[in-house]
Amino acid sequence: MSNYTIIVDPLSTGQEYPAAFREAGRLPVAVLSGSEPPPAYTTSWHPEDFEHVHYFTGDVQALAEELRQYEPEYLVPGAESGVELCDRLTGLLAPGTGNVPELAPARRDKWEMAQALKAAGVPRLRQFLTADPVEAERWLKENDLLGKRLVIKPPKSAAGDEVYVVFEDGDWRERFDRVLGRTNKMGLTNDAVLIQEYAEGTEYLVDTYSVDGKHALVDVCRYTKVGRGDKIGIYRRIDFLAEDDAEVQALWPYTRDVLDAVGIRVGCGHVEVMMTPDGPRLIEVAARPAGGGHQMVSDLATGDNHIKRTVAHRVRGEVRDGFDLVQHLRGIFVIAPREGYFRNREVFDDIESLKSFHWMKILYDEDAVVPETVDLFTCLAWVILIHSDPATLDADYHRVLDMEAAIHITPTPTAP
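Numbers given to residues run from 1 along each chain, matching the order in which its sequence is written. Since the coordinates come from a predicted model, pLDDT governs what is reported: local features require at least 70, and pairs of side-chain atoms require 80 or more to be given and counted, while whole-chain, interface and lining totals use all residues. Only hydrogens and water are set aside when side-chain values are computed; all heavy atoms of the structure are taken into account.

Asks: I tried to follow the pairing of strand S14 (residues 329-334) on my own but got confused; where do I start?
Replies: For a regular strand, the rule is simple: side chains alternate between the two faces of the sheet. Across the six residues of S14, six count as buried, placing the element largely inside the fold. When accessible area is computed with a 1.4 Å probe and restricted to protein chains, residues below 20% of their type maximum are described as buried, those above 50% as exposed, and intermediate ones as partly exposed. Each helix is a run of H or I in the DSSP string that is no shorter than four residues. Each strand is a run of E no shorter than two, and both are numbered from the N terminus. Residues of S14 alternate between two faces, with Leu329, Gly331 and Phe333 on one and Arg330, Ile332 and Val334 on the opposite face, all of them buried. Pairing between S14 and strand S18 (residues 381-386): six bridges, direction antiparallel. Across the sheet, residue Phe333 finds its bridge partner in S18, namely Trp382. Pairing between strands is defined by DSSP: at least two bridges between the two strands are required.

Asks: Sorry if this is basic, but what is going on with the pattern of salt bridges here?
Replies: Pairs may arise between side chains of opposite charge once their charged atoms sit close together. For salt bridges, the criterion is a side-chain nitrogen of Lys or Arg within 4 Å of an Asp or Glu carboxyl oxygen. In total, this model carries 26 salt bridges according to the counting rule given. Among the salt bridges present, the one from Asp367 reaches Arg343, with a minimum N-O distance of 2.9 Å. Remark: Arg343 occurs in the loop between strand S15 (340-342) and strand S16 (357-362) and Asp367 occurs in the loop between S16 and strand S17 (369-370); sequence separation between them is 24 residues. Asp367 sits in the partly exposed class, given a relative accessible area of 43%. On the accessibility criterion, Arg343 (33% relative accessible area) is partly exposed. Through salt bridges with shared partners, a single network forms among Arg237, Asp239, Arg330 and Asp394.

Asks: Sorry if this is basic, but what is going on with the sheet that holds strand S1 (residues 4-8) here?
Replies: Strand pairing in a sheet is mediated by backbone hydrogen bonds. Such pairs are either parallel or antiparallel. Here four strands make up an open sheet; going across it, the order is S3-S2-S1-S4 and the pairing parallel. A single partner strand is all that each edge strand has here, and the edge strands are strand S3 (52-55) and strand S4 (75-77). Recorded for the sheet is a direction-independent mean angle of 25° between the axes of neighbouring strands. In this structure, strand S2 (residues 27-32) lies alongside S3, joined through four bridges in parallel fashion. Bridge pairing links Val29 to His52 in S3. Whenever a helix is involved, its axis is fitted only over the stretch in contact; in every case the axis is a line through C-alpha atoms, and angles between N-to-C directions fall within 0 to 180 degrees.

Asks: Just checking my understanding: could you explain helix H4 (residues 110-120) for this structure?
Replies: Three- or four-residue spacings in an α-helix give side chains the same orientation, since the helix completes a turn every 3.6 residues. All of the buried residues in H4 are Lys110, Trp111, Met113, Ala114, Ala116 and Leu117. Taken together, the buried residues of H4 touch strand S5 (127-130), strand S6 (150-153), strand S8 (193-197), helix H7 (246-261) and strand S13 (279-286). Under this definition, polar contacts are N or O atom pairs within 3.5 Å; protein pairs additionally need one hydrogen-donor-capable and one acceptor-capable atom, and for neighbouring residues in sequence, both atoms have to be side-chain atoms. For H4, the N-terminal cap is Asp109; the gap from its side-chain oxygen to the backbone nitrogen of Trp111 is 2.8 Å. Backbone geometry just downstream of H4 places Gly121 in the positive-phi region, at approximately 75°. Throughout, a contact is declared for two residues whenever any of their heavy atoms are within 4.5 Å.

Asks: How do you make sense of the sheet that holds strand S19 (residues 409-410) when you look at a structure like this?
Replies: Spatially, S17-S15-S19 is the arrangement adopted by the three strands of the open sheet, whose pairing is antiparallel. Strands with a single pairing partner mark the edges of an open sheet, and in this sheet they are S17 and S19.

Asks: Looking at this model, I keep getting lost on the side chain of Arg26. Mind explaining?
Replies: Secondary-structure assignment places Arg26 in the loop between helix H1 (17-23) and S2. The buried category is assigned to Arg26, whose relative accessible area is 4%. Polar side-chain contacts of Arg26 include one of 3.2 Å to the side chain of Tyr74.

Asks: Looking at this structure, I do not really get the nonpolar core. What am I missing?
Replies: Most often, soluble globular proteins have nonpolar side chains that are buried together. Put simply, a nonpolar core is a bunch of buried Ala, Val, Leu, Ile, Met, Phe, Trp, Tyr and Cys residues held in one set by side-chain atoms that sit within 4.5 Å of each other. Leu117, Val220, Val258, Val271, Leu282 and Val285 are the most contacted members of the largest nonpolar core, which has 26 residues in total. Broken down by secondary-structure element, the contributors of at least two residues to this core are H4, strand S9 (202-211), strand S10 (214-228), H7, strand S12 (267-276) and S13. With seven residues, H7 is the largest single contributor of residues to this core. Grouped together as the second largest cluster of nonpolar side chains are 21 residues, Ala336, Val370, Ala381 and Val383 included.

This is a description of form; function is not addressed.
Written as structure tokens, this is what we have:
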């Protein structure tokens, strides 16, 4: 038995892996998929947490040889940016302990996800990948989508980065050109653009853990999002649901089909599904822990999370069939209405008086320059409410929104 656990890109909430594996008696080893973390993850990189750190410089065979000294029994991806490299290293160092190798692109690239669902006969949204606007217009015409509401985004991004909605009869070419060729927050150049039909309905986050192809739920949340201009997917709140909730039961068979279609057989699954009038439809799926602080709120709501499931399975061979909702939890994402200087942090001074208040983190100091909230990376603050009474949660939620409405941000000289 190896004394080590190799974590590829232990970033975002993957930064919680080293302490969890140490507590379980394993020494954590970090592999970074580049010479430095992607821009979105810089602040979550803590090399001091690891026994050893290795860097991928382009030669996966050479990196695998460096890592053989640890006699790895498995490897774990910590963040979205490490999923593909982790798959490749697993195939070289611990074959048979990971997900289906042939479907690796479908676990990272949103176009390949759709192609995998098509091959498996799983219902999906219509979409098209191209770098050519002429091809894009031809596809839109052929599918009777020209002039309809659309979503335009990179094939590889995360947390709502560069995801735009094109409204009816809107200028889809302008958004197309805005995405194409730009470097996203994963540090990747968008060499093509994904055009997708717009999905109406309620969106859910479904977290899973799989062992030998058998899938189990870790938690399920209902998303509430708001739009601002042409930006889609600005998170407003999440509500945790019970496993026996009718909404969860309606989602779960479809989610299992998605996991099978993209070849997830072991480890974390993070699935975003829209329940439309035509049934559930995949937004995207990831083979890594949920990010954005979700491990903490999942633990509060269920007493468990992706990190705990991974360590329990990989170190102790423990497997769970589902989850228990132990507390009614609502997470709120506080939105900055514009870029500029955050002048009145005291607007939240009374938040602890709320009956359901549990925790808050303001991500910026007073008088700091804050970005306009356009995605999960640019939230101003997070608030967690916990209470057994839904009416109390609703009342306190609206009081937080009132506080948010009173935020004062003065523009910087360069801000619009």
